[in-house]
Amino acid sequence: MHDPLSKLQQIPASIAALADYESFARERMSEQVWAYMAGGAADELTLRDNCAAFQRLRLRSRALPDLTDGHTRLELFGQRFEQPILLAPVAYQKLVHPDGELATVLAASAARVGMVVSTQASVALEDIARQAQTPLWFQLYVQPDRAFTRELVQRAEAAGYQALVVTVDAPVSGLRNREQRAGFALPEGVEAVNLRGMRSLPPTTARIGDSPLFGGPLLAVAPTWRELAWLRSLTCLPLLVKGVMHPEDARRALAEGIDGIIVSNHGGRTLDTQPATIEVLEEIARVVEGRLPLLLDGGVRRGTDVLKALALGASAVLVGRPYVFALATAGAPGVCHALQLLRAELEVAMALTGCRTLADIGPDLLWRPGR
Ligand SMILES: Cc1cc2nc3c(=O)[nH]c(=O)nc-3n(C[C@H](O)[C@H](O)[C@H](O)COP(=O)(O)O)c2cc1C
Ligand SMILES: CCCCCCC(=O)C(=O)O
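Residues numbered from 1 in each chain as written. Chains lettered and ligands numbered in written order. Predicted model: local features only at pLDDT ≥ 70, side-chain atom pairs only at ≥ 80, totals over all residues. Heavy atoms only, no water.

If you check an unreviewed UniProt entry, the protein chain appears there as Alpha-hydroxy acid oxidase from Azorhizophilus paspali. What the UniProt record of the protein chain gives under Sequence similarities (unreviewed entry) is the line "Belongs to the FMN-dependent alpha-hydroxy acid dehydrogenase family." Under Cofactor (unreviewed entry), UniProt gives the following word-for-word description of the protein chain: "FMN". (UniProt positions renumbered as here; feature names shortened; annotations may be inferred.)

**Q** How should I be thinking about the overall build of the protein chain in this particular structure?
**A** The number of helices and strands found in the protein chain is 13 helices and 12 strands. Along the first, second and third principal axes, the C-alpha set of the protein chain runs to 65 × 45 × 40 Å. Evaluated residue by residue, the protein chain yields a buried proportion of 53% over its 371 residues. Taking as baseline every contact in the protein chain between residues at least 6 positions apart, the subset at least 24 positions apart corresponds to 75%. On the protein chain, the mean spot of the 38 positive side-chain charges and the mean spot of the 40 negative ones are 1 Å from each other. (Helix = DSSP H or I, 4+ residues; strand = E, 2+ residues; numbered from the N terminus. Buried < 20%, exposed > 50% of the residue type's maximum accessible area, 1.4 Å probe, protein only. Contact = heavy atoms within 4.5 Å. Lys, Arg positive; Asp, Glu negative; His and termini not counted. Charge placed at Lys NZ, Arg CZ, Asp CG, Glu CD.)

**Q** How do you make sense of the site of ligand 1 when you look at a structure like this?
**A** Taken together, 22 residues form the shell around ligand 1, and within it Pro89, Ser118, Thr167, Asp297 and Arg301 come nearest. Here an oxygen atom of ligand 1 sits 2.6 Å away from a polar atom, N or O, in the side chain of Ser118. Here an oxygen atom of ligand 1 sits 2.7 Å away from a polar atom, N or O, in the side chain of Thr167. Against a free-state accessible area of 600 Å², the protein chains account for coverage of 98% of ligand 1. In terms of residue class, the shell around ligand 1 is built from 8 nonpolar, 9 polar and 5 charged. (Near = heavy atom within 4 Å. Polar contact = N/O pair within 3.5 Å; in protein donor to acceptor, adjacent residues only side chain to side chain. Areas by Shrake-Rupley, 256 points an atom, 1.4 Å probe, with all protein chains shown as cover. Nonpolar A, V, L, I, M, F, W, Y, C, P; charged D, E, K, R; others polar.)

**Q** Teacher, can you tell me more about the pattern of salt bridges here?
**A** Proximity of charged atoms lets side chains of opposite charge pair with each other. Under the counting rule described, the total for this entry stands at 17 salt bridges. Notably, a salt bridge pairs Asp127 with Arg130, separated by 2.4 Å at the nearest N-O pair. Of the two residues, Asp127 and Arg130 both sit in helix H5 (residues 125-131), 3 residues apart, roughly one turn of that helix. The residue Arg251 makes a salt bridge to Glu248 at a minimum N-O spacing of 3.2 Å. Residue Arg251 and its partner Glu248 are both found in helix H10 (residues 247-255); the two are separated by 3 residues, about one turn of the helix. (Salt bridge = Lys/Arg side-chain N within 4 Å of Asp/Glu carboxyl O.)

**Q** When you look at the site of ligand 2 in this model, what are you seeing that I'm missing?
**A** Every residue near ligand 2 is listed here: Tyr36, Ala91, Gln120, Tyr141, Ala170, Ser173, Arg176, His266 and Arg269. Within the side chain of Tyr36, one N or O atom sits 2.7 Å away from an oxygen atom of ligand 2. Within the side chain of Arg269, a nitrogen or oxygen atom sits 2.8 Å from an oxygen atom of ligand 2. Its free accessible area being 340 Å², ligand 2 has 79% of it covered by the protein chains. Looking at the shell around ligand 2 residue by residue, the classes come out as 4 nonpolar, 3 polar and 2 charged.

**Q** Mind showing me how you'd approach the packing of aromatic side chains here?
**A** Aromatic rings in a pair are described by how distant their centres are and how their planes are angled relative to each other. Here the structure, examined in full by the defined rule, presents 6 aromatic pairs. An angle of 10° between the planes, with centres 4.8 Å apart, marks the rings of Tyr36 and Phe184 as stacked. Of this pair, Tyr36 sits in helix H2 (residues 31-38) while Phe184 is found in the loop between helix H7 (177-182) and helix H8 (217-220), placing the two residues 148 residues apart along the sequence. A residue is classified by how much of its surface remains accessible, and Tyr36, at 11% relative accessible area, is buried. Ring centres of Phe138 and Tyr161 lie 5.7 Å apart, and the angle between their planes is 75°; on these two criteria the pair is classed as edge-to-face. Of this pair, Phe138 sits in strand S6 (residues 136-140) while Tyr161 sits in the loop between helix H6 (146-159) and strand S7 (164-167), and the two are 23 residues apart along the sequence. Exposure remark for Phe138: the relative accessible area of 0% places this residue in the buried category. Grouped by ring-pair contacts, the aromatic residues Tyr36, Tyr92 and Phe184 constitute a single cluster. Cation over ring: Arg269 sits above Tyr36, and NZ or CZ is 4.8 Å from the ring centre. (Phe/Tyr/Trp six-rings, centres within 6.5 Å; stacked < 30°, edge-to-face > 60°. Lys NZ or Arg CZ within 6 Å of the ring centre and 35° of its normal.)

**Q** What is the right way to look at the side chain of Glu179 in this model?
**A** If you trace the backbone, Glu179 turns up in helix H7. Glu179 gets classed as buried once you look at its relative accessible area, which sits at 13%. Not counting residues up to four positions away in its chain, the partners in contact with Glu179 are Ala35, Tyr36, Phe184 and Arg269.

**Q** Please explain H6 as it appears in this structure.
**A** In an α-helix, one full turn covers 3.6 residues, which means residues spaced three or four apart are oriented alike. With 14 residues, H6 should reach 20 Å at 1.5 Å per residue; the first-to-last C-alpha distance of 20 Å fits that figure. For H6, the full list of buried residues reads Phe148, Thr149, Leu152, Val153 and Ala156. Projected down its long axis, H6 carries its buried residues within an arc of 145°, all on one side. In this structure, the buried residues of H6 make contact with H5, S6, S7 and helix H9 (225-234). Following H6 by one or two positions, Gly160 adopts a phi angle in the positive range, close to 100°. (Expected span 1.5 Å × (residues − 1). Arc of directions from axis to C-beta.)

**Q** I would appreciate a short explanation of the UniProt feature "domain: FMN hydroxy acid dehydrogenase" (unreviewed entry) in the protein chain in the present structure.
**A** Following the UniProt record, the feature "domain: FMN hydroxy acid dehydrogenase" (unreviewed entry) maps to residues 10-371 here. With 39% helix and 12% strand, the stretch residues 10-371 has end C-alpha atoms that lie 47 Å from each other.

Next comes the structure, spelled out in structure tokens:
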């Protein structure tokens, strides 16, 4: 296996934190691709809030902790992870690098980080799995063609994916104004290869005065909790829902026998003006009461963000855009480097807050005036 660690010296020397990859990535992308990768929905308030809300939280350091035998290991669904950080599903990675998801999985394997592969990956899910030496989970968009959806699940199982992550926050695409203004469209050579051969919906042709969405074909086939129950009966893989932002949806997920919940607002790409994920995490954690793994994504940029999410009830976090920016800048070595930076930051943050293992991380790490 090609080792991305051997190329780490090619990383621009000025990159000291995840955010530093952004300007390098931007230089390497067209305006259209940048709009797709970096942008969010509508006025991008939620996109910005995801990061800002983490930045508002304050940590409390602890003096003279005993940190002997410290580590960041954890188990999720019987799978062992070296750190509570996974790669979030991001579609069409060939937009930013010719090897796309193959470069990412190489880096994830070298960094020993779990990866969630998008239904809309630009590389076949089987080809990604063949390269993987790390746990892979498959992110599922329930397709209008349910027989095709079942086949996708079976393909993921056969290829060795170890969990199914059903995205539940995008029955329709968000209003991506930045993409619209830039005129983003998939270029030739980049496509959702896993969806080849699927019957697609008839194009919507709403005219002025018609309802643009309601009554149309899209909502008629949008997934509901019924499809979740169907998926539950279809697979023995751990089943997670990604995109929960409301405590009642968390309650429903528990009742439906779901195995894990990802608190996510899709990185601010679906419904704009939602709160930041870190702001709703605690309320959802109160519903879940530790009965199943609770994960979070959206705005995680620093090791201290990982620590804050764990302090408020997450078992692990996922990162999205930062690794795509690293991929665009320096390919697999870039992704590997970005993951190593984040892990180092987490370990420093744990040491300075007196946490020897993840079990030591709790809400008292946060400084909350008046409490
Ligand atoms: C370019 C891009 C493509 C994405 N594609 C998918 C996808 O195919 N499936 C999915 O469930 N989420 C997708 N997401 C959302 C991410 O999985 C994740 O929720 C989000 O990026 C986390 O926020 P962050 O980018 O601030 O880390 C995508 C996000 C981005 C930026
Ligand atoms: C119905 C939403 C399709 C979006 C596909 C990729 C994605 O999740 C994203 O761009 O965000």
